[in-house]
Amino acid sequence: QVQLVESGGGLVQAGGSLRLSCAASGRIFSIYAMGWFRQAPGKEREFVANINWSGASTYYADSVKGRFTISRDNAKNTVSLQMNSLKPEDTAVYYCAADRVAYRQPLTTTPGAYNYWGQGTQVTVSS
């Protein structure tokens, strides 16, 4: 069973930065796309960003485009989310997830397409 563990969340002032990391264990994940999602209290889980199996292709939600950067290191079985120019509306629990289909093309933003999920890490941006 694949296990995903997020880290790097915390409290930051508006305009600040955080870097989230997701470490995979149980198997290598180099053949799967990875995604970041977030969920605020009382809201549905929403797509943030994803990256294909090789790291060559990325896609971002309009709300974070230009501020967030997703990357991966397949040798380390990790995926990261660099978050800059943070806004209060970015406050949420952030989850990393692995696509259930190997080498998927094109990238998918559908939560149901992701088979493995981390426990989440809280990001709070003060106003």
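Report on the accompanying structure.

### Notes on the state of the cysteines
- Scanning the model with the defined rule gives one disulfide in all.
- Two residues, Cys22 and Cys96, share a disulfide whose sulfurs are 1.9 Å apart. Judged by the sign of its S-S torsion, about 50°, the bond between Cys22 and Cys96 is right-handed. Within this pair, whereas Cys22 is found in strand β3 (residues 18–25), its partner Cys96 is found in strand β9 (residues 92–102), the two being separated by 74 residues in sequence. Neither Cys22 nor Cys96 differs from the other in exposure class; each is buried.

### Quick notes on the pattern of salt bridges
- For the structure on display, the rule yields four salt bridges.
- For Arg38, the salt bridge goes to Glu46, with nearest N and O atoms at 2.7 Å.
- With its nearest N and O atoms 2.8 Å apart, the salt bridge here joins Asp90 to Arg67. Taken as a pair, Asp90 in the loop between β8 (78–83) and β9 and Arg67 in the loop between β6 (58–60) and β7 (68–73) lie far apart in primary sequence, 23 residues in all. Pair check on accessibility: Asp90 and Arg67 agree, each one buried.

### Thoughts on the packing of aromatic side chains
- Summed over all chains, the structure comprises six aromatic pairs.
- Relative to Phe47, the ring of Phe37 has its centre 5.9 Å away and its plane inclined at 75°; by these criteria the two rings are edge-to-face. Of this pair, Phe37 sits in strand β4 (residues 32–39) while Phe47 sits in strand β5 (residues 46–51), and the two are 10 residues apart along the sequence.
- Using a relative accessible area of 0% as the deciding quantity, one classes Phe37 as buried.
- Take Phe47: its relative accessible area is 12%, and that puts it in the buried class.
- Here Phe37 and Tyr114 contribute two aromatic rings whose centre-to-centre distance is 5.2 Å and whose plane-to-plane angle is 75°, an arrangement assigned as edge-to-face. Highlighted residues: Phe37 in strand β4 and Tyr114 in strand β10 (residues 114–117), separated in sequence by 77 residues.
- Among the aromatic side chains, those forming a connected cluster through ring pairs are Phe37, Phe47, Tyr59, Tyr114 and Trp117.
- Directly above the aromatic system of Trp117 lies the positively charged group of Arg45, at a separation of 4.8 Å from the ring centroid.

### Notes on the pairing of β3
- Here β3 shows a buried face lined by Leu18, Leu20, Cys22 and Ala24 and an unburied face lined by Arg19, Ser21, Ala23 and Ser25.
- Across five bridges, the pairing between strand β1 (residues 3–7) and β3 is antiparallel. Along β3, the bridge assignment pairs Ser7 with Ser21.
- Where β3 lies against β8, six bridges are found, and the strand directions are antiparallel. By the bridge assignment, Leu18 is partnered in β8 with Met83.

About the thresholds
- Residues numbered from 1 in each chain as written.
- Predicted model: local features only at pLDDT ≥ 70, side-chain atom pairs only at ≥ 80, totals over all residues.
- Heavy atoms only, no water.
- Disulfide = S-S within 2.5 Å.
- Helix = DSSP H or I, 4+ residues; strand = E, 2+ residues; numbered from the N terminus.
- Buried < 20%, exposed > 50% of the residue type's maximum accessible area, 1.4 Å probe, protein only.
- Salt bridge = Lys/Arg side-chain N within 4 Å of Asp/Glu carboxyl O.
- Phe/Tyr/Trp six-rings, centres within 6.5 Å; stacked < 30°, edge-to-face > 60°.
- Lys NZ or Arg CZ within 6 Å of the ring centre and 35° of its normal.
- Pairing = 2+ DSSP bridges.

What is shown is where atoms sit, not what they do.
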